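Residue-level listing of the chains:
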Amino acid sequence: MTAGAGRGESARFAAAHTLPALVRGFVSVRPRAVRGHVGPGRPRWSAATLRALRERHGGAPVLVRGLTGTVLLILDPQDIRQFYAEPVGTPARPAAGTGGCAHTGLPDGRRSVDDSVLAAGLTVHPSCGAFLSVLADEARRLTAGGSLELARVRHCVARAARRIVLGDAAAEDAELGRRLGRFHDRAGARIAAYADLAEPHTLVGRARRHAEPFRGPAGPDRAGPDPVGQVRQWLAAFDLVPGVLLRTLLLLGAHPAEQDAVAAEARAAGWPQGSAPGALPRLRACVRESLRLYPAVPDLIRITRAETEWRGVRHPAGTCVVLPVLFHQRDPEHVPAAHVFVPGRWASREADLDVRMAPFSHAGGRCPGEQLGLLVTAALCAEVLRGHRVGPVRPLLDPLGPLPAGLDPQGIRLRLTRR
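Criteria and thresholds
- Along each chain, residue indices are assigned from 1 in the same order as the chain's sequence is written.
- Thresholds applied to this predicted model are a pLDDT of at least 70 for local features of residues and 80 or more for the giving and counting of side-chain atom pairs; totals over whole chains, interfaces and linings are not thresholded and use all residues.
- Hydrogens and water are ignored here; the side-chain numbers use all heavy atoms of the structure.
- What counts as a helix is a DSSP run of H or I of at least four residues, what counts as a strand is a run of E of at least two, and both are numbered from the N terminus.
- Throughout, exposure labels follow a simple rule: accessible area from a 1.4 Å probe, protein chains only, divided by the maximum for the residue type, with under 20% read as buried, over 50% as exposed, and the rest as partly exposed.
- The contact definition used throughout considers only heavy atoms, calling two residues in contact when any of these lie within 4.5 Å.
- Method for areas: the Shrake-Rupley scheme with a 1.4 Å probe, in which residue coverage is limited to the protein chains shown.
- To estimate how far a helix should reach, multiply one less than its number of residues by 1.5 Å.
- Pairing between strands requires that DSSP locate at least two bridges from one strand to the other.
- The convention used is that axes are lines fitted to C-alpha atoms, helices contributing only their stretch in contact, and that angles between N-to-C directions extend from 0 to 180 degrees.
- Confidence of the predictor in every single residue is expressed as pLDDT, which spans 0 to 100.
- For this document, the term salt bridge refers to a Lys or Arg side-chain nitrogen within 4 Å of an Asp or Glu carboxyl oxygen.
- Any pair of Phe, Tyr and Trp rings, taking the six-membered ring for Trp, is counted once the centres come within 6.5 Å. Such a pair is stacked with planes under 30 degrees apart, edge-to-face with planes over 60 apart, and tilted for the rest.
- Should the NZ of a Lys or the CZ of an Arg lie within 6 Å of a ring centre and within 35 degrees of the ring normal, that charge is described as sitting over the ring.
- Here is the rule for angles: anything less than 35 degrees is roughly parallel, anything more than 145 is roughly antiparallel, 65 through 115 is roughly perpendicular, and the remaining ranges are oblique.
- Definitions for this section: a left-handed crossing has its near helix turned counterclockwise from the far helix by less than a right angle. A right-handed crossing has that turn clockwise.
- In this count, Pro and Cys sit with the nonpolar residues alongside Ala, Val, Leu, Ile, Met, Phe, Trp and Tyr, while Asp, Glu, Lys and Arg are called charged and the others, Gly among them, polar.

> Sorry if this is basic, but what is going on with the overall build of the protein here?
Scanning the protein from terminus to terminus reveals 17 helices and 9 strands. For the protein, buried positions account for 52% of its 419 residues. Long-range pairs, those at least 24 residues apart, make up 70% of the contacts in the protein between residues at least 6 apart in sequence. Counting only carbon and sulfur atoms, one obtains 55% of the accessible surface of the protein, whose full area is about 18,400 Å².

This is the structure we're talking about:
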């Protein structure tokens, strides 16, 4: 018999989990209008709701009616591996308001190009040297004042993203991001112009080697490649970096011993005895731990393509299966020190394979830009920490007590002092 949530449980799930997810997707459009609905207690309230469902139904997947329809919730770690075994393709989509990996839903040909361009699986991207040069150049804007807030970080990252994706000629084109969503054809002409000028190390330059993907008919309703869509996806992925960067620096500001250790790693990078430029293993572990505590995508979804069985119960094709990643990554019943910043947990290879931890998903849905994202975020952290000490202005975190359930990057302000 299928475990199903009652009306009261479904209502609590919709109020505590689905509605905040929808609101998060609206924050960037109307931040002031929704600020009161995404307070720091909401993720914890959601976790309590999910824990209650798990206890009542013995950990079995539960059918719950949310605001967007009925979903099958994965609440126990023993079912997570089966979730990732479900194929990822066109039917899969991210949860409402959460965004998602640009790789999901791409045709096989585009997926292979994406893997090659982003150098999926390589710790150090083939264009690492050129990218680090861009990031070092743009990071001067981060440390130009005595404080660091979201607006400054967004400006820096957006410039770096345009240079990494499209080349130096696009650095000043702040309007391009707005055109990508509203004026597909005009944006396509501009992207084609940048593609002609793009340096070989850029993502567009690397993509040119694959059957001229930035030529020919393109568009959402036409056959052929879609360069605007591809560039939009790459640039959109960079939109996640400012929040991750600010949270990571805030956590390091609250843990001065770890901050000193990663600053030393940043200074030693590139020396004969140090790590290779861009590798920064300790800093990358801090970024991963930040994403464990505050994932960029709190929920993952699979839409089953065939009838599937979960703990002896069969569900029809087209079932929407939801994995609440944030809940599992901070589940104190299964994750040691679940609410504490412990970057050392990522020191072993086994931690990266632990399906309970999914900063970049797993299996066929694993983000091909994982290593590039880590490289960019860790390199920007390194540029800040080489010459500056970071301290929090707001919020103030207790390094010994449980960390808050949510950290809105719009509310983070950091103090920078010369080392």
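> Sorry, what's going on with helix H17 (residues 370-387) here?
A turn of α-helix holds 3.6 residues, and therefore any two residues three or four places apart point the same way. An ideal rise of 1.5 Å per residue puts 26 Å on 18 residues; H17 measures up with 27 Å between its terminal C-alpha atoms. Among the 18 residues that make up H17, 15 are buried, leaving the element largely enclosed by the rest of the structure.

> Help me out: how do you make sense of the sheet that holds strand E3 (residues 147-148) in this one?
Sheets are built from strands paired through backbone hydrogen bonds, the pairs being either parallel or antiparallel. Strand order across the open sheet formed by 3 strands is E3-E9-E8, with antiparallel pairing between neighbours. Unpaired on one side and paired on the other, E3 and strand E8 (388-394) mark the two borders of the sheet. Here 2 bridges tie E3 to strand E9 (residues 413-418), and the two strands are oriented antiparallel to one another. The residue bridging Ser147 from the neighbouring strand is Arg415, located in E9. In the packing of helix H12 (residues 241-254) onto the sheet, contacts are made with E3, E8 and E9, and the angle to E8 comes to roughly 95°.

> Just checking my understanding: could you explain the confidence of the model for the protein for this structure?
In low-pLDDT regions, the fine details of the predicted coordinates are not to be read closely. Residues of the protein with pLDDT of at least 70 account for 75%, and the chain-wide mean is 81. The lowest-confidence element of the protein is helix H2 (residues 31-34), averaging 36 in pLDDT; the highest-confidence one is H12, averaging 97. Low pLDDT, under 50, characterises residues 89-100; the predicted model gives this stretch 27 contacts beyond four residues in sequence or across chains.

> Sorry, what's going on with the pattern of salt bridges here?
A side chain with one charge can pair with a side chain of the opposite charge if their charged atoms come near. For the structure on display, the rule yields 27 salt bridges. For the salt bridge of Glu333 with Arg54, the shortest nitrogen-to-oxygen distance reads 3.2 Å. On the criterion of sequence distance, the pair formed by Glu333 in the loop between helix H15 (325-329) and helix H16 (349-353) and Arg54 in helix H3 (residues 42-56) is long-range, its members being 279 residues apart. Accessibility expressed as a relative area gives 48% for Glu333, which makes it partly exposed. For the salt bridge of Glu149 with Arg394, the shortest nitrogen-to-oxygen distance reads 3.5 Å.

> What is the right way to look at the packing of aromatic side chains in this model?
How two aromatic rings sit relative to each other is given by the distance of their centres and the angle of their planes. Per the counting criterion, the structure on display carries 1 aromatic pair. Between the aromatic rings of Phe83 and Tyr84, the centroid separation amounts to 5.4 Å while the plane-to-plane angle is 80°, which identifies the pairing as edge-to-face. Exposure class is identical for Phe83 and Tyr84. Each is buried. One Lys or Arg, Arg330, reaches over the ring of Tyr294 and ends 5.3 Å from the middle of that ring.

> I tried to follow the environment of Ile80 on my own but got confused; where do I start?
Structurally, Ile80 can be placed in helix H4 (residues 80-85). Along the primary structure Ile80 and Val325 are separated by 245 residues, whereas in three dimensions their C-alpha atoms are 9.8 Å apart. If we skip the residues at most four places from it in the chain, Ile80 touches Ile74, Leu323, His328, Val355 and Arg356.

> Just checking my understanding: could you explain the side chain of Arg206 for this structure?
In this fold, Arg206 is placed in helix H10 (residues 203-207). Sequence-distant contacts of Arg206, defined by excluding residues within four places in its chain, comprise Ser116, Val117, His125, Pro126, Ser127, Pro200 and His201.

> What should I look at first to understand the packing of H12 against H17 in this one?
Packed helices, taken two at a time, are described by the angle between their axes plus the distance between the axes. Between H12 and H17, the least distance of the axes is 10 Å, while the angle of their chain directions is 45°. With respect to H17, the axis of H12 lies oblique. The interaxial crossing formed by H12 with H17 has right-handed handedness. Note on element contacts: H17 touches H12 through Val376, Thr377, Leu380, Cys381, Val384 and Leu385, opposite Val241, Val244, Leu245, Thr248, Leu249 and Leu252. Among the residues forming the contact of H12 with H17, the class breakdown is 10 nonpolar, 2 polar and no charged.

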